[in-house]
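Architecture at a glance
Single-letter residue listing:
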Amino acid sequence: MESPFKGDILKGKVALLTGGGSGIGFEISLQLGKHGASIAIMGRRRNVLDSAVASLHSLGIPAIGFEGDVRKREDAMRVLESTVKHFGRLDILVNAAAGNFLVPAEDLSPNGFRTVIDIDSVGTFTMCHEALKYLKKGGRGREPSSGGTIINISATLHYTASWYQIHVSAAKAAVDSITRSLALEWGTDYDIRVNGIAPGPIDDTAGVSKLAPEEIMSKERQNMPLFKLGEKWDIAMATIYLVSDAGKYVNGTTLVVDGGLWLSKPRSLPKEAVKQLSRAVEKRSRDVGTRKSKL
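Residues numbered from 1 in each chain as written. Predicted model: local features only at pLDDT ≥ 70, side-chain atom pairs only at ≥ 80, totals over all residues. Heavy atoms only, no water.

Here we look at the overall build of the protein chain
Applicable threshold: Runs of H or I in DSSP of at least four residues are treated as helices and runs of E of at least two as strands, each being numbered from the N terminus. Using a 1.4 Å probe on the protein chains alone, a residue whose accessible area is under 20% of its type maximum counts as buried, one over 50% counts as exposed, and one in between counts as partly exposed. Residue contacts follow a heavy-atom distance rule, with two residues in contact if any of their heavy atoms lie within 4.5 Å. Using a 1.4 Å probe, the Shrake-Rupley method yields the accessible areas, and only the shown protein chains count as cover for residues.
Across its full length, the protein chain holds 9 helices and 7 strands. In the protein chain, which comprises 295 residues, the share counted as buried stands at 47%. The long-range fraction of contacts in the protein chain, counting pairs at least 24 apart against all pairs at least 6 apart in sequence, stands at 73%. Total accessible area computed for the protein chain in this model is approximately 15,500 Å², and 54% of it derives from carbon and sulfur atoms.

Laid out in structure tokens, this is it:
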């Protein structure tokens, strides 16, 4: 799809993305690059990094990949330092690395729970914490009057509750809290805007294939307000909005991009049945009122 944003809206910006080599993360990398940003990708699989960087290079996008695990502070420090050394600055940090799988709570080991918390929650904080000195106003390569931006990829699972995803729900609830707290503190002290994006079910992603396979989605689709899955492009466009000047006054918000799915619930009655029932109830009410007035 054609972007609604100008092609140079992010010209001169440098973005580092964790989990930016595949899925939603890669689409964000691609679209940030198409809109003028230079791209650094952090991930654990060298083959995925190399493939992603090659794809970006084929489009003329300046890009580099760094192996690293967001759970390890030394990796975060090394990748951030290497990014700034390579490109001269850092303007945008996107925390998209995540772990997820379906499992009933009674079958989930504490270690499995901890692993997802470590990747999603601790990893997000670790990357933000180590990026502060580069993103704050007056940081290395930055102007003294303006800070950078952080985007934390979240979810909507914890807004109510989700079956068999207690670990992911807890992790993303923590990510949302991290987003708000850093937006308050770092927005005030360092002019860094911190926002989140909560995708709904996005087509052609590991999230859908793992957490909502076709056996589930065929039934879920009936209850979707827009009756369709989202696209990775949708999340990338939301990211561009938030990191560009278009979102310059947005801070501490987690933008839900799910077509209204998290609000939805099955209809209790078909629409026509509701209309007939409403007319019958109104008629009974009028009849009762008429009898009372005669008394």
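Remarks on the packing of aromatic side chains
What characterises a pair of aromatic rings is the spacing of the ring centres plus the angle enclosed by the ring planes. Let me state the cut-off plainly: Any two of the Phe, Tyr and Trp rings considered here, Trp counted by its six-membered ring, make a pair once their centres fall within 6.5 Å; the pair's planes then place it as stacked at under 30 degrees, edge-to-face at over 60, or tilted in between.
Under the defined criterion, the tally for this structure stands at 2 aromatic pairs. Judged by centre distance (5.0 Å) and plane angle (75°), the rings of Tyr159 and Trp262 are edge-to-face. With Tyr159 in the loop between strand 5 (149-153) and helix 5 (166-190) and Trp262 in the loop between strand 7 (254-257) and helix 9 (271-294), this residue pair connects regions lying 103 residues apart in the sequence. Between Trp163 and Tyr164 the ring centres are 5.6 Å apart and the planes differ by 50°, which places this aromatic pair in the tilted class. Taking the relative accessible area as the measure of exposure, Trp163 reaches 69% and is therefore exposed.

Side note on the sheet that holds strand 5
For clarity, the cut-off: Any two strands with at least two DSSP bridges between them are considered paired. Geometry is summarised by axes, namely lines fitted to C-alpha atoms with helices restricted to the contacting stretch, and by angles between N-to-C directions that run from 0 to 180 degrees.
Here we have 7 strands laid out as an open sheet, ordered 3-2-1-4-5-6-7, and parallel in their pairing. Since the sheet does not close on itself, it has two edges, and those belong to strand 3 (63-67) and strand 7, each with one partner. Pairwise comparison of adjacent strand axes, ignoring direction, gives a mean angle of 20° for this sheet. By the bridge criterion, 5 bridges tie strand 5 to strand 6 (residues 193-199) in an arrangement that is parallel. Bridge assignment links Asn152 to a residue of strand 6, and that residue is Gly196. The strands that helix 1 (residues 23-34) touches are strand 1 (14-18), strand 2 (38-43), strand 4 (92-95), strand 5 and strand 6; relative to strand 1, the one it contacts most, it runs at about 175°.

All we've got here are geometric facts, nothing functional implied.
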